[in-house]
Amino acid sequence: MDIAGSTALVTGASSGIGRAVAIALAGSGAQIVGLGRDVPALRSLAAATGATVLKVDLESADELERFVEHSLPDLPPVDILVNCAGSGRYGPLAEHGAEDIDRLLDVNVRAPIALTKAVLPGLVQRGHGRVVNVASIAGRLGVPNETVYSASKGALAVFSRALDAELGNTGVGVTVVLPGAVQTSFFERRGAPYDRRWPRPLPPERVARTIVRAITRDKSEVVVPGWLRIPIWLQATLPGLYGRLERWFG
């Protein structure tokens, strides 16, 4: 897909991966529509890229519905949708409150599906475009103390694969992105810092470059960094060994 001249709708554009993706796509010639919650950060993005920015809290079903029904029809037709917004929660499942679980599922699953459903008819009608869903390696492997987060990102990954198959030869593709740890404020917001010495978190700009390549090369799945395909393969092929290694190394 040729990014130049397209319109890209990016969620989570206030910071982290979403902001880096918006900047990278703008650098490739796309007109950006950025959604986020941090108004000063959105204004900074608009100043840097010429993006159209809108404050939308995807945790709120009402705000999401208002955006879909009232704002989206007034925007240029969306060619690329990048669902970057995400929410995390660290701790044993027993310590997750009902509101915590609802927030994770609303932001990580419901909102991407709702936005995809909203833009999909136009993409199919025009016969081109791409939906990019940023999941997580946690959604493929499952991470202790991040059970609901892992489940939500796993749901997003399966949704992406199923939708990509459903769209068939429409000209519209779906990409799921499975990043490892990334240098963002995600860990602060989830309630626990990233305390591993290895692997070191990636800069969000690296993930953004991977997403741009995935769009231009019509890739259905990307793992970043690429070596994370090893534990994915190991878990699928030798689950017993993988389980022992997980208990030893965490």
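Residues numbered from 1 in each chain as written. Predicted model: local features only at pLDDT ≥ 70, side-chain atom pairs only at ≥ 80, totals over all residues. Heavy atoms only, no water.

**Some thoughts on the side chain of Asn-108**
By the secondary structure assignment, Asn-108 is in helix α4 (residues 98-126). Of the polar contacts made by the side chain of Asn-108, one reaches the backbone nitrogen of Ser-87; its length is 2.8 Å. In this structure Asn-108 touches Ala-85, Gly-86, Ser-87, Tyr-149, Ser-152, Lys-153 and Leu-156, once residues within four positions along its chain are discounted. (Helix = DSSP H or I, 4+ residues; strand = E, 2+ residues; numbered from the N terminus. Polar contact = N/O pair within 3.5 Å; in protein donor to acceptor, adjacent residues only side chain to side chain. Contact = heavy atoms within 4.5 Å.)

**As for the layout of surface pockets**
The computed volume of the second largest pocket comes to approximately 160 Å³. Contributing to the lining of the second largest pocket are 13 residues, with Thr-210, Arg-213, Val-222, Val-223 and Val-224 lying nearest its centre. Residues belonging to the lining of the second largest pocket are distributed by class as follows: five nonpolar, two polar and six charged. (1 Å grid on protein atoms, 1.4 Å probe; cavity = no way out; pocket = protein on both sides within 12 Å on 5 of 7 lines; lining within 4 Å. Points joined across faces, edges and corners; volume = space filled by probe spheres on them. Nonpolar A, V, L, I, M, F, W, Y, C, P; charged D, E, K, R; others polar.)

**Concerning helix α1 (residues 16-27)**
For α1, with 12 residues, the first-to-last C-alpha span of 17 Å sits near the 16 Å given by 1.5 Å per residue. What α1 keeps buried is the set Ile-17, Gly-18, Ala-20, Val-21, Ala-22 and Leu-25. Turning to α1, the residues buried within the fold contact β1 (7-10), β2 (31-36), α2 (39-49), β4 (80-83), β5 (129-134) and α8 (204-216). Directly beyond the C-terminal end of α1, a positive phi value near 100° is found at Gly-29. (Expected span 1.5 Å × (residues − 1). Buried < 20%, exposed > 50% of the residue type's maximum accessible area, 1.4 Å probe, protein only.)

**Description of a nonpolar patch on the surface**
Among the surface-exposed residues, Trp-233, Leu-238 and Leu-241 lie close enough to one another that they form a single nonpolar patch of about 290 Å² accessible area. Summarising the element assignment, Trp-233 is placed in helix α9 (residues 229-237). (Patch = residues over 30% accessible without salt bridge, like charges linked within 9 Å, V, L, I, M, F, W, Y side chains within 5 Å. Areas by Shrake-Rupley, 256 points an atom, 1.4 Å probe, with all protein chains shown as cover. Salt bridge = Lys/Arg side-chain N within 4 Å of Asp/Glu carboxyl O.)

**Quick word on the pattern of salt bridges**
It is possible for side chains bearing opposite charge to pair when their charged atoms get close. Under the defined criterion, the tally for this structure stands at nine salt bridges. Two residues, Asp-100 and Arg-103, come together in a salt bridge whose shortest N-O distance is 3.4 Å. Note that Asp-100 and Arg-103 are positioned in helix α4 at a spacing of three residues, about one turn of the helix. With a closest N to O distance of 3.6 Å, Arg-229 and Glu-221 form a salt bridge. The partly exposed category is assigned to Arg-229, whose relative accessible area is 40%. With a relative accessible area of 23%, Glu-221 lands in the partly exposed category. Because the salt bridges share partners, they merge into one network encompassing Arg-140, Arg-161, Glu-221 and Arg-229.

**Quick notes on the pairing of strand β3 (residues 52-55)**
The side chains of a regular strand alternate between both faces of the sheet. Judged from the four bridges that link them, β2 and β3 form a sheet pairing that is parallel. Residue Leu-35 lies in a different strand from β3, and its bridge partner there is Leu-54. (Pairing = 2+ DSSP bridges.)

**Observations regarding the side chain of Arg-89**
Tracing the backbone shows Arg-89 in the loop between β4 and α4. According to the relative accessible area criterion, Arg-89 is buried, its value standing at 17%. At 3.0 Å, the side chain of Arg-89 and the backbone oxygen of Glu-95 are in polar contact. Only 3.3 Å separates the side chain of Arg-89 from the side chain of Asp-100, close enough to count as a polar contact.

**Here we look at the sheet that holds β5**
On the basis of which strands lie adjacent, the open sheet formed by seven strands has the order β3-β2-β1-β4-β5-β6-β7 and parallel pairing. Of all strands in the sheet, those bounded by a partner on one side alone are β3 and β7 (221-224). Strand-to-strand twist of the sheet, defined as the mean angle between neighbouring strand axes without regard to direction, takes the value 15°. (Axes fitted to C-alpha atoms, helices over the stretch in contact; angles between N-to-C directions.)

**Considering a positive patch on the surface**
The grouping of Arg-206, Arg-209, Arg-213, Arg-217 and Lys-219 at the surface amounts to a positive patch. Tracing the chain through its elements places Arg-213 in helix α8. Look at Arg-213 and you get partly exposed, because its relative accessible area is 38%. (Lys, Arg positive; Asp, Glu negative; His and termini not counted. Charge placed at Lys NZ, Arg CZ, Asp CG, Glu CD.)

**Some remarks on the nonpolar core**
Among the nonpolar cores identified, the biggest contains 30 residues, and Val-21, Leu-25 and Ile-211 are the most heavily contacted of them. Breaking this core down by element, the ones donating at least two residues are β1, α1, α2, β4, β5, α8 and β7. When residues in this core are grouped by element, the largest group, six residues, is from α8. With sequence-adjacent residues up to four places away left out, Val-21 is seen in contact with Val-10, Val-82, Cys-84, Ala-208 and Ile-211. Among the nonpolar cores identified, the runner-up in size contains 22 residues, and Leu-64, Val-78, Leu-120 and Leu-123 belong to it. (Core = buried A, V, L, I, M, F, W, Y, C linked by side-chain atoms within 4.5 Å.)

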